[in-house]
Amino acid sequence: MKAAEPKKKPVRGNFISAKTNSIVMYIDMNSYFASCEQQRHPHLRGKPLGVLTYDSPNAAVIAASIEAKRKGVKTGMRLQECLALCPEMLTITTHPAWYRQIHVDIMLILRKYCDDVIAKSIDEASMNFTSYRLVYNDFTAIARQIKQDIKDKYDYLTCSIGIAPNSFLAKLATEIQKPDGLIEITPENIDGHLAKMQLTDLPGIAKNNERRLQMIGIRNPLEMRHASEALLRKAFGGIVGNYWHKRLNFMEVDVYTNPFKTMSAGRSLGRQIREDKQAMDSMLIALCMRLEQRMVKNQVFCKEVCLHLRYFNGGEWDTKIKLSDPEQDGMRIRRYIMDKMQEYEEPRNISLLNDKVQKMTVTIMSFVKQELIQYGLFDNQMRQDKIRKVIYEMKDKYDKKNIIRKGSELLVRNVLKDAIGFGSVKDLVGNDGEVVNKHMLEEDEDFY
Ligand SMILES: [Mg+2]
């Protein structure tokens with residue numbers, strides 16, 4: 001075939017091939033904290049309810065029930081302000097352990113349908129059904145079944161489910177219909193949905209980005225979708241513009257992307273190392289840190305980790321670990337590996353890292369781009385929980401005189417800023433930056 005005339009590339013329209021073969025389902029629980037309270041306290045059902053971190057007229061409502069939202073109450077409003085809009089609003093203070101319990105039960109329900117489930121926050125999860133295309137033939141029916149399963153367990157809870165060929169559009173689909181929504185975004189209907197939205201309705205587009213887009217003449221999501229990749233690059237000042245173009249045109253850039261499928265770090269072990277348990281552990285750390293370095297350099301996080309051990313007698317041992325959260329930290333990756341080894345070693349009373357190991361290789365895969373985590377599109381509250389947990393453990397342990405105060409407060413402030421956009425861990429931190437519900441921070445281990 002003769003080469004097409006490259007200069008006559010269409011300015012508008014899809015010249016990227018859409019990958020409509022992927023199937024992603026996004027689940028967003030409706031008015032989560034408030035609904036959890038109404039689940040537990042039937043007398044609060046059907047009533048406007050505000051959830052507070054502490055009981056005071058100055059407290060901010062961190063979650064409002066569906067009924068309160070209908071009266072104009074919004075997340076983050078001061079209690080006084082809410083009562084002016086809706087004088088009959090009832091209030092209750094948070095019960096994080098209860099919200100976490102329900103979260104765990106919902107995750108268990110989701111994992112019945114699909115292996116590839118990621119918790120995006122305490123009330124959101126995404127499910128990648130791409131490899132289930134031949135297993136299920138009607139994903140809308142699956143979504144309805146999931147809603148029913150959740151209802152069977154917690155009759156007062158509803159969720160909005162979005163289905164789309166990529167995770168961004170699946171999340172967007174959950175925004176279209178609330179509460180109890182079920183929307184599938186397809187190449188046929190996407191323009192109709194986008195036509196009803198404003199730029200700031202797109203998760204990840206706040207005021208700043210809206211201004212950038214308006215400056216180059218893009219006024220709404222529909223114009224954004226049909227803008228050229230080059231124009232969006234200009235608006236966002238680089239690769240982020242390409243991502244936006246792909247996202248709105250059915251390409252997946254938010255979960256797994258090339259150019260690399262895996263990264264490995266491996267070493268053959270000399271005798272001195274083999275015969276020294278501590279040296280073997282140091283080698284494992286070195287391999288994990290090497291991978292951390294490469295991930296940092298390539299600005300990615302991984303979702304899967306493998307360890308492969310080869311022994312002199314020809315034997316092998318390997319394990320593959322699916323991480324609940326994208327990970328970049330070498331020491332945490334090593335921890336996951338150690339736990340997995342221990343799980344194998346203990347009942348058998350053996351040691352995998354023994355003097356017969358010839359070669360040790362750590363491989364990581366399923367990469368997620370860093371900016372997706374930084375920009376909070378796929379914000380990862382669990383990770384922030386963990387960082388904070390460590391910091392607060394330190395604070396509790398060593399900081400009798402508030403020596404570490406400055407650093408931890410800085411971090412808390414960041415976390416708080418992130419949380420405001422997504423409304424999931426606000427109950428952790430009060431207005432003065434102090435942890436309000438310490439027990440919530442102490443339950444991470446049970447989480448997955
Ligand atoms: Mg929600």
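Residues numbered from 1 in each chain as written. Predicted model: local features only at pLDDT ≥ 70, side-chain atom pairs only at ≥ 80, totals over all residues.

Focus on the overall build of the protein chain
Step number 1: Of regular secondary structure, the protein chain possesses 18 helices and 12 strands.
Step number 2: When burial is assessed residue by residue, the protein chain has 35% of its 448 residues classed as buried.
Step number 3: By sequence separation, contacts in the protein chain at least 24 residues apart represent 60% of the contacts at least 6 residues apart. (Helix = DSSP H or I, 4+ residues; strand = E, 2+ residues; numbered from the N terminus. Buried ≥ 20, exposed ≤ 12 C-beta atoms within 10 Å, placed from the backbone. Contact = placed C-beta atoms within 7 Å.)

Topic: the packing of helix α1 (residues 32-40) against helix α4 (residues 96-113)
Step number 1: For the pair α1 and α4, the least separation of the axes is 10 Å and the interaxial angle reads 95°. Judged by the inter-axis angle, α1 sits roughly perpendicular to α4. Residue-level contacts link Tyr32, Phe33, Cys36 and Arg40 of α1 to Trp98, Tyr99 and Ile102 of α4.
Step number 2: When its residues are assigned to classes, the contact of α1 with α4 shows 6 nonpolar, no polar and 1 charged. (Axes fitted to C-alpha atoms, helices over the stretch in contact; angles between N-to-C directions. Parallel < 35°, antiparallel > 145°, perpendicular 65-115°, else oblique. Nonpolar A, V, L, I, M, F, W, Y, C, P; charged D, E, K, R; others polar.)

A word on the sheet that holds strand β7 (residues 159-164)
Step number 1: Across the sheet, which stays open at both edges, the 5 strands sit in the order β5-β6-β1-β7-β8 with mixed pairing between neighbours. Of all strands in the sheet, those with a lone pairing partner are β5 (117-121) and β8 (182-184), marking the two edges. Neighbour-to-neighbour, the strand axes of the sheet open up by a mean angle of 15°, direction not taken into account.
Step number 2: As judged from the 3 bridges shared by β7 and β8, these two strands associate in the parallel manner. Residue Ile161 lies in a different strand from β8, and its bridge partner there is Leu182.
Step number 3: The strands touched by α4 are β1 (24-29), β5 and β6 (124-128); relative to β5, the strand with the most contacts, the crossing angle is about 150°. (Pairing = 2+ DSSP bridges.)

Brief notes about the pairing of strand β11 (residues 316-327)
Step number 1: Here strand β10 (residues 300-311) pairs with β11 via 8 bridges, running antiparallel. Across the sheet, the residue bridging to Arg310 is Glu316, located in β11.

Looking at the environment of Thr186
Step number 1: With respect to the secondary-structure elements, Thr186 resides in the loop between β8 and α7 (190-194).
Step number 2: Distance from Thr186 to Leu169, taken between C-alpha atoms, is 9.2 Å for residues 17 residues apart in sequence.

Looking at the pairing of β7
Step number 1: Extensive coverage of β7 is indicated by the burial of 6 of its 6 residues.
Step number 2: Burial along β7 is two-sided: Cys159, Ile161 and Ile163 facing one way and Ser160, Gly162 and Ala164 facing the other are all buried.
Step number 3: Sheet topology note: the β1/β7 ladder contains 6 bridges and is antiparallel. Within β7, the residue paired with Asp28 across the bridge is Ser160.
Step number 4: Between the parallel elements β7 and β8, the chain passes through helix α6 (residues 167-176) in a crossover that is left-handed. (Right-handed = clockwise from strand over helix to strand, strands pointing away.)

Notes on the sheet that holds β10
Step number 1: Ordered in space as β9-β12-β10-β11, the 4 strands form an open sheet in which the pairing is antiparallel. At either margin of the open sheet sits one strand with a lone partner, and together these are β9 (262-268) and β11. Across the sheet, the mean angle from the axis of one strand to that of its neighbour is 15°, orientation sign disregarded.
Step number 2: Contacting β10 and β11, helix α14 (residues 330-348) crosses the sheet at an angle of about 135° to β11.

Some details on the environment of Leu110
Step number 1: By the element assignment, Leu110 lies in helix α4.
Step number 2: Using a count of 19 C-beta atoms within 10 Å as the deciding quantity, one classes Leu110 as partly exposed.
Step number 3: Residue contacts for Leu110: discarding those within four places in its chain leaves Ile27, Val117, Ala125, Met127 and Ile146.

Considerations on the nonpolar core
Step number 1: Formed by 66 residues in total, the largest nonpolar core has its most connected members in Met25 and Ala173.
Step number 2: No fewer than three residues from each of domain 1 (21-187) and domain 2 (193-248) sit in this core.
Step number 3: Apart from residues lying up to four places away in sequence, Ala173 is in contact with Tyr26, Gly162, Ile163, Ala164, Ile183, Glu184 and Ile185.
Step number 4: Membership of the second largest hydrophobic core comes to 22 residues, among which are Met283, Met295, Cys302 and Ile364. (Core = buried A, V, L, I, M, F, W, Y, C linked by C-beta atoms within 7 Å. Domains from an automatic or database assignment.)

Quick notes on the confidence of the model for the protein chain
Step number 1: Put simply, the protein chain has an average pLDDT of 79, and 77% of its residues get 70 or more.
Step number 2: Considering each helix and strand of the protein chain separately, the mean pLDDT is smallest for helix α17 (residues 405-422), with a value of 31, and largest for β8, with 98.
Step number 3: Note that residues 375-382 has pLDDT below 50 and, in this model, 26 contacts with residues that lie over four places away or in other chains.
Step number 4: Confidence drops under pLDDT 50 across residues 399-448; counting only partners more than four residues distant or on other chains, this segment forms 79 contacts. (pLDDT = per-residue confidence, 0-100.)

Some words on the packing of helix α10 (residues 229-236) against helix α11 (residues 239-248)
To describe two helices that pack against each other, one gives the angle between their axes and the distance between the axes.
Step number 1: Between α10 and α11, the shortest axis-to-axis distance is 7 Å and the interhelical angle comes to 130°. Classed by the angle they form, the pair α10 and α11 counts as oblique. Judged by the sense of rotation from one axis to the other, the crossing of α10 with α11 is right-handed. Of the residues in α11, those touching α10 at Glu229, Leu232, Arg233, Lys234, Ala235 and Phe236 are Val240, Gly241, Asn242, Trp244 and His245.
Step number 2: Grouping the constituent residues of the contact of α10 with α11 by class yields 5 nonpolar, 3 polar and 3 charged. (Left-handed = near helix turned anticlockwise from the far one by under 90°.)

As for α1
Step number 1: The element α1 is extensively covered by neighbouring structure, given that 7 of its 9 residues are classed as buried.
Step number 2: Buried within α1 are the following residues: Tyr32, Phe33, Ala34, Ser35, Cys36, Glu37 and Gln38.
Step number 3: Looking at the buried positions of α1, the neighbouring elements they touch are β1, β2 (49-52), β3 (61-64), β4 (90-93) and α4.

Some remarks on helix α13 (residues 277-298)
It helps to recall that an α-helix has 3.6 residues per turn; residues three or four apart then point in one direction.
Step number 1: If you check α13, its first and last C-alpha atoms are 32 Å apart, about what 22 residues at 1.5 Å a residue would give, namely 32 Å.
Step number 2: The set of residues buried in α13 consists of Met280, Met283, Leu284, Leu287, Cys288, Leu291, Glu292 and Met295.
Step number 3: Contacts made by the buried residues of α13 are with β9, α12 (271-274), β10, α14 and β12 (357-369).
Step number 4: Looking one or two residues past α13, Gln299 carries a phi angle of roughly 55°, positive in sign. (Expected span 1.5 Å × (residues − 1).)

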